[in-house]
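Spelled out, the chains give:
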Amino acid sequence: MKGIKIKGTGRCVPEKTVTNADLAAIVDTSDAWITSRTGIHRRRHCRGETHTSLCAGAARAALKKAGVPPEEIGACIVATVTADTLVPSAACTLQRELGLPQDIPCFDLNAACTGFLFALHTMECLLNASPRKFGLVVGADTLSRITNWEDRGTCILFGDGAAAAVVECREGWSSIGAELGCHGDDRLLRVPGVETGHRSLISMEGTRVFKFAVEAVPWCIDRVLARTGRTVEDVDFFVFHQANARIIDLAARKYRIPQSKYYKNIGEYGNTSAASIPLVLSELADLGRVGPGSLVLTVGFGGGLTWGGAMLEFA
Ligand code: UT7
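Residues numbered from 1 in each chain as written. Predicted model: local features only at pLDDT ≥ 70, side-chain atom pairs only at ≥ 80, totals over all residues. Heavy atoms only, no water.

Novice: Tell me about the overall build of the chain, and please be specific about residues and values.
Specialist: In terms of helices and strands, the chain carries 10 helices and 13 strands. Taking 20 Å as the expected radius of gyration for a compact globule of 315 residues, we find that the chain reaches 18 Å, a close match to that expectation. Looking at charge distribution, the chain has the averaged site of its 34 positive side-chain charges lying 3 Å from that of its 33 negative ones. (Helix = DSSP H or I, 4+ residues; strand = E, 2+ residues; numbered from the N terminus. Rg over C-alpha atoms; globule rule 2.2 N^0.38 Å. Lys, Arg positive; Asp, Glu negative; His and termini not counted. Charge placed at Lys NZ, Arg CZ, Asp CG, Glu CD.)

Right, dumping it as structure tokens:
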């Protein structure tokens, strides 16, 4: 089996910043509570932007960084739960917007906040069976459009954004060793679909999801290390889904990961769902903190319930 590496990353976030003080004006909350319980200071919300425009912005930036023309892409996956339209999918819309080839699979993938990792694994499998060697994976969500603005337990958490990675697949490269899982649960974290009588707004039992996450993260780390034959010390950078700074800090403490080897941008963007992990990857790449040869262990978890980890290498 051939493996994939990250060739280039890009991101696109809305301009509008919403601070904790802005939210305290609409629900009974405070900057002190949000900051201490989540680590979030502000987040971005779409005003003029759309899911499509964010995806296109992130994908164009990633293609440019990778130096790969759209016509060389062999598959396109958008991980999301909030595409502008169910049909066409966000990925089919991207095909048109970017001028991707027409003879390739383009589709959306729903694994909530773990979506980007599910999509990377799927892309690795697809490119193994493709004559083309590059793939485009986007993580994008505009959760502000399905947020319940009367629920202070959730509305303070989410932000909008998109980020993308162009990956390359080659003989001789190691697999990303993805370890993915799910446990069907429709109570802890739920967004209704086409059921009748429900508005499609997010509901979540935060404390129980928190407990699930605290167990899922070490499970993923241990499984990925075992599968790839690596140790914590081999890893150059740890990238965690940005759902709550406390979850990230607990994992860092458990594995004695030094501060120089993990990163939090939740303070700036909140929880951006499927965009969260690639947003971190893209910022780290631009900061020069990861680059060719870097080994990045990444972990995600979220609605479904879903969880996953993978060992990413930059080309
Ligand atoms: O990305 C998908 C995965 N998602 C996650 O991983 C999210 C995981 N969960 C969490 O991050 C946390 O559970 C939350 C940040 C959502 C909530 O934090 P918590 O420490 O679990 O708080 P809680 O829900 O247990 O609430 C504690 C108290 C309650 O008041 P009482 O009953 O103790 O009087 C809440 O009503 O805090 C209250 N509360 C708030 N107070 C001020 C809940 N939300 C707020 C708020 N502002 N926004």
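From this point, things continue past the structure.
Novice: Requested: an account of the packing of helix α7 (residues 206-228) against helix α8 (residues 245-254), with residues and values cited.
Specialist: Across the interface, α7 lies against α8 with an axial gap of 10 Å and an inter-helix angle of 35°. At the point where α7 passes α8, the crossing takes the right-handed sense. Here Phe-210, Ala-213, Val-214, Val-217 and Pro-218 of α7 come into contact with α8, specifically with Arg-246, Ile-247, Leu-250, Ala-251 and Lys-254. When the residues that make up the contact of α7 with α8 are grouped by side-chain class, the tally is eight nonpolar, no polar and two charged. (Axes fitted to C-alpha atoms, helices over the stretch in contact; angles between N-to-C directions. Left-handed = near helix turned anticlockwise from the far one by under 90°. Contact = heavy atoms within 4.5 Å. Nonpolar A, V, L, I, M, F, W, Y, C, P; charged D, E, K, R; others polar.)

Novice: Mind laying out the packing of aromatic side chains, listing which residues take part and the relevant values?
Specialist: Scanning the model with the defined rule gives three aromatic pairs in all. A ring pair is formed by Phe-238 and Phe-240, whose centres lie 6.3 Å apart and whose planes are at 10°; its orientation type is stacked. Neither residue differs from the other here; Phe-238 and Phe-240 are each classed as buried. Three or more aromatic residues link up through ring pairs in this structure, and these residues are Phe-212, Trp-219 and Trp-307. (Phe/Tyr/Trp six-rings, centres within 6.5 Å; stacked < 30°, edge-to-face > 60°. Buried < 20%, exposed > 50% of the residue type's maximum accessible area, 1.4 Å probe, protein only.)

Novice: An account of the sheet that holds strand β12 (residues 295-302) is requested, with residue identities and associated values reported.
Specialist: The strands that make up a sheet are held in pairs by hydrogen bonds between backbone atoms, and each pair lies either parallel or antiparallel. A sheet is described by the order of its strands in space; here four strands give the open sequence β8-β13-β12-β11, paired in mixed fashion. Strand pairing shows two members of the sheet lacking a second neighbour, β8 (179-182) and β11 (237-240), which therefore form its edges. Going from strand to strand, the sheet's axes swing by 15° on average, the running direction of each strand aside. Both β8 and strand β13 (residues 306-313) contribute to a ladder of four bridges, which runs antiparallel. Pairing of Gly-181 across the sheet is with Trp-307, part of β13. Here helix α5 (residues 115-128) sits on the sheet and contacts β8, β12 and β13; the angle it forms with β13, its principal contact strand, is near 55°. (Pairing = 2+ DSSP bridges.)

Novice: Could you give an account of the environment of Arg-199, with specific residues and numbers?
Specialist: Structurally, the position occupied by Arg-199 is in the loop between β9 (189-190) and β10 (203-204). Spatially, the C-alpha atoms of Arg-199 and Val-18 are 24 Å apart, while their sequence positions differ by 181 residues.

Novice: Describe the nonpolar core, naming the residues involved and giving the relevant values.
Specialist: Among the nonpolar cores identified, the biggest contains 45 residues, and Val-217, Ile-221, Phe-238, Phe-240, Leu-297 and Phe-301 are the most heavily contacted of them. Within the residue set of this core, elements represented by two or more residues are α7, β11, α8, β12 and β13. For this core, the element with the highest residue contribution is α7, accounting for 10 residues. Judged by nonpolar contacts, the second largest core, of 33 residues, contains Ala-75, Leu-117, Val-137 and Tyr-263. (Core = buried A, V, L, I, M, F, W, Y, C linked by side-chain atoms within 4.5 Å.)

Novice: Describe α7, naming the residues involved and giving the relevant values.
Specialist: Taking 1.5 Å of rise per residue, the 23 residues of α7 would be expected to cover 33 Å, and the 32 Å separating its terminal C-alpha atoms lies within 8% of that figure. Within α7, the full set of buried residues consists of Val-209, Phe-210, Phe-212, Ala-213, Ala-216, Val-217, Pro-218, Cys-220, Ile-221, Val-224 and Leu-225. Gly-229, located one to two residues past α7, shows a positive phi value of around 65°. (Expected span 1.5 Å × (residues − 1).)

Novice: Summarise the pairing of strand β4 (residues 73-79); cite the residues concerned and give the values.
Specialist: Of all seven residues making up β4, seven are buried, and the element is well covered by its neighbours. Bridging between β4 and strand β6 (residues 134-142) involves five bridges; their strand directions are parallel. Each residue of the ladder has a partner; that of Val-78, found in β6, is Val-138. Here four bridges tie β4 to strand β5 (residues 106-109), and the two strands are oriented parallel to one another. The residue bridging Cys-76 from the neighbouring strand is Cys-106, located in β5.

Novice: Describe the pattern of salt bridges, with residues and values.
Specialist: Considering all chains together, one arrives at 17 salt bridges under this definition. Across the pair Asp-103 and Arg-132 runs a salt bridge whose closest N-O atoms are separated by 3.1 Å. Of the two residues, Asp-103 is situated in the loop between α4 (90-98) and β5 and Arg-132 in the loop between α5 and β6; the sequence distance between them amounts to 29 residues. Here Glu-179 makes a salt bridge to Arg-227, at a shortest N to O gap of 3.2 Å. A residue pair is termed long-range when its members are at least 10 positions apart, and Glu-179 in strand β8 and Arg-227 in helix α7 qualify at 48 residues. Linked through salt bridges whose partners overlap, the residues forming this network are Lys-7, Lys-133, Glu-168 and Arg-170. (Salt bridge = Lys/Arg side-chain N within 4 Å of Asp/Glu carboxyl O.)

Novice: Lay out the site of the ligand in plain terms, naming residues and giving numbers.
Specialist: Surrounding the ligand, one finds 24 residues, the nearest of these being Thr-29, Arg-37, His-241, Asn-244 and Asn-271. Here an oxygen atom of the ligand sits 3.0 Å away from a polar atom, N or O, in the side chain of Thr-207. Take His-241: an N or O atom from its side chain is 2.8 Å from an oxygen atom of the ligand. Relative to its free-state accessible area of 950 Å², the ligand is covered by the protein chains to the extent of 71%. Here the shell around the ligand takes four residues from α7, the largest share from any one element. Tallied by class, the residues present in the shell around the ligand amount to 11 nonpolar, nine polar and four charged. (Near = heavy atom within 4 Å. Polar contact = N/O pair within 3.5 Å; in protein donor to acceptor, adjacent residues only side chain to side chain. Areas by Shrake-Rupley, 256 points an atom, 1.4 Å probe, with all protein chains shown as cover.)

Nothing here speaks to function; it is all geometry.
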